[in-house]
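Chain residues, written in single-letter form:
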Amino acid sequence: MKNFDINEDPHRRYNPLINEWVLVSPHRAKRPWQGQKESIANDDRPEYDPECYLCPGNVRANGVSNDKYDSAFVFENDFAALKQEEILFEDNGSDTFFKARPERGISKVVCFSPKHNLTLPEMDLATIEDVIKTWQKEYTELGAVEYINHVQIFENKGSVMGCSNPHPHGQIWAQSSLPTQVEKTQNNLKAYYEKFGTNLLVDYLEKELLLEERIVVQNDHFVALVPFWAVWPFETMIISKRHVTKITDFTTDEVAAYAVILKKLTAKYDNLFETSFPYSSGIHQAPTDGKEHPEWQFHMHFYPPLLRSASVKKFMVGYEMMGESQRDITAEKSAQMLRDLSEVHYKLK
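Each value, and the rule that gives it
Residues numbered from 1 in each chain as written. Predicted model: local features only at pLDDT ≥ 70, side-chain atom pairs only at ≥ 80, totals over all residues. Heavy atoms only, no water. Helix = DSSP H or I, 4+ residues; strand = E, 2+ residues; numbered from the N terminus. Expected span 1.5 Å × (residues − 1). Contact = heavy atoms within 4.5 Å. Phe/Tyr/Trp six-rings, centres within 6.5 Å; stacked < 30°, edge-to-face > 60°. Lys NZ or Arg CZ within 6 Å of the ring centre and 35° of its normal. Buried < 20%, exposed > 50% of the residue type's maximum accessible area, 1.4 Å probe, protein only. Pairing = 2+ DSSP bridges. Axes fitted to C-alpha atoms, helices over the stretch in contact; angles between N-to-C directions. Salt bridge = Lys/Arg side-chain N within 4 Å of Asp/Glu carboxyl O. 1 Å grid on protein atoms, 1.4 Å probe; cavity = no way out; pocket = protein on both sides within 12 Å on 5 of 7 lines; lining within 4 Å. Points joined across faces, edges and corners; volume = space filled by probe spheres on them. Nonpolar A, V, L, I, M, F, W, Y, C, P; charged D, E, K, R; others polar.

A. Inspection of helix H2 (residues 180–196) at higher detail. Spanning 17 residues, H2 covers 24 Å between terminal C-alpha atoms, matching the ideal 24 Å at 1.5 Å per step. Buried positions along H2 lie against strand S5 (150–157), helix H3 (200–211) and strand S10 (279–284).

Shown next as structure tokens:
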């Protein structure tokens, strides 16, 4: 019987944020690939596209014209997933199999820049800081709405992630309930806090900083790392070093440092396969229910689908759908690959 080697042998890793496991099969990273290859998106875009419904001054699909904006621009989504209207509903709680209830909320689009041909790693720090301040403003204003208990800030980048428009933008969905993934995180953060009297992510980050195995990039205020329990091949998480529960807790210095870490991490992503790296990213922070949430720690997830090259992505199928999440490349290996990359965008070399 051989000794366990975490870098070579199949094993499971536990995710304490959502109380789930991931199967890691590092030996499978050596298998040949003869499967699906994605087309590489053309990154040769103009600074202004007259056909783009997000560019300044252009008319959107509903006939409304955008402002001729020169910084971050926010508008309510023309095809919102949530509606603000209050709906009369009575739930007698008697149905076991056919439970449903109305969900009320607000959906917004955030254009990061008026320039159609930029992504976050290509923007200057002042522009990224402006995006962060816009997120802070929207979190405050939407969170203050009486029926809003959660504000989800996120970005889908790249057509492979379902992004329908290449103009640099993200979205904000604010709603009355905690979404499923956030509720899982809330429950586990709270259980840890009640058991140990400390914050789960603060304690986790302290240990990660000591080990330095999965750190990608850091500065005085933030760390970008590959979580021990990462599912996606090059998944990362940004965590604030100081205990802050939400984006509005940031000092001026922290806003600047957050902009730097976003630019450096996303530049490393692009440099990995020298392509505009697709991902879904999202901020997790305290609910806006008016309660204190010391169990929360500000963090941001990045879930990129690419696996071996700009054209080969990770599929969540078969075992992942029927059993549990699975990955081949270890978190430590992907962290090393990202860490060793330049922080200067490949287009500038």
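B. Structural detail: the packing of aromatic side chains. Inspection of every chain in the model, using the stated rule, returns 20 aromatic pairs. Connected via pairs of aromatic rings, a cluster forms that spans Phe112, Trp135, Phe222, Phe250, Tyr258 and Phe298. Residue placement shows Arg13 over the ring face of Phe228; its charged tip is 4.3 Å from the ring centre. In this structure, Arg104 packs its charged tip against the face of Tyr147, placed 3.8 Å from the ring centre.

C. Spatial organisation of the pairing of S10. S10 sits mainly inside the fold: six of its six residues count as buried. Side chains of S10 alternate between two faces, with Tyr279, Ser281 and Ile283 and Ser280, Gly282 and His284 buried alike. Two elements, S5 and S10, share five bridges in a ladder whose sense is antiparallel. Residue pairing across strands places Ile153 opposite Ile283, the latter belonging to S10. Where S10 and strand S11 (residues 299–303) come together, five bridges link them in antiparallel fashion. Bridged to His284 within S11 is His299.

D. Structural view of the sheet that holds S5. Here we have nine strands laid out as an open sheet, ordered S3-S4-S6-S5-S10-S11-S9-S8-S7, and antiparallel in their pairing. At either margin of the open sheet sits one strand with a lone partner, and together these are strand S3 (73–76) and strand S7 (215–218). When strand polarity is set aside, the average angle formed by the axes of neighbouring strands in this sheet is 20 degrees. Looking at chain direction, S7 and strand S8 (residues 222–225) are connected through three bridges and run antiparallel. What sits directly across from Val217, in S8, is Ala224.

E. Here's a closer look at the pattern of salt bridges. In this structure the tally under the stated criterion is 17 salt bridges. Taking the shortest distance from any N to any O, the salt bridge between Lys157 and Asp270 comes out at 3.3 Å. On the criterion of sequence distance, the pair formed by Lys157 in strand S5 and Asp270 in helix H4 (residues 252–273) is long-range, its members being 113 residues apart. Neither residue differs from the other here; Lys157 and Asp270 are each classed as buried. Residue Glu343 pairs with Lys264 through a salt bridge whose shortest N-O separation is 3.3 Å. Separated by 79 residues along the polypeptide, Glu343 in the segment after helix H6 (331–339) and Lys264 in helix H4 bring together distant segments of the chain. In this structure Glu343 comes out as partly exposed when scored by relative accessible area, which is 37%.

F. Here's a closer look at the layout of surface pockets. The calculated volume of the largest pocket comes to roughly 820 Å³. Gln181, Trp232, His284, His301 and Tyr303 are, among the 30 residues lining the largest pocket, the residues nearest its centre. Of all the secondary structure elements, the ones that give two or more residues to the lining of the largest pocket are strand S2 (20–24), S5, strand S6 (169–175), H2, S10 and S11. Along the lines of polarity and charge, the residues of the lining of the largest pocket split into 15 nonpolar, 13 polar and two charged.

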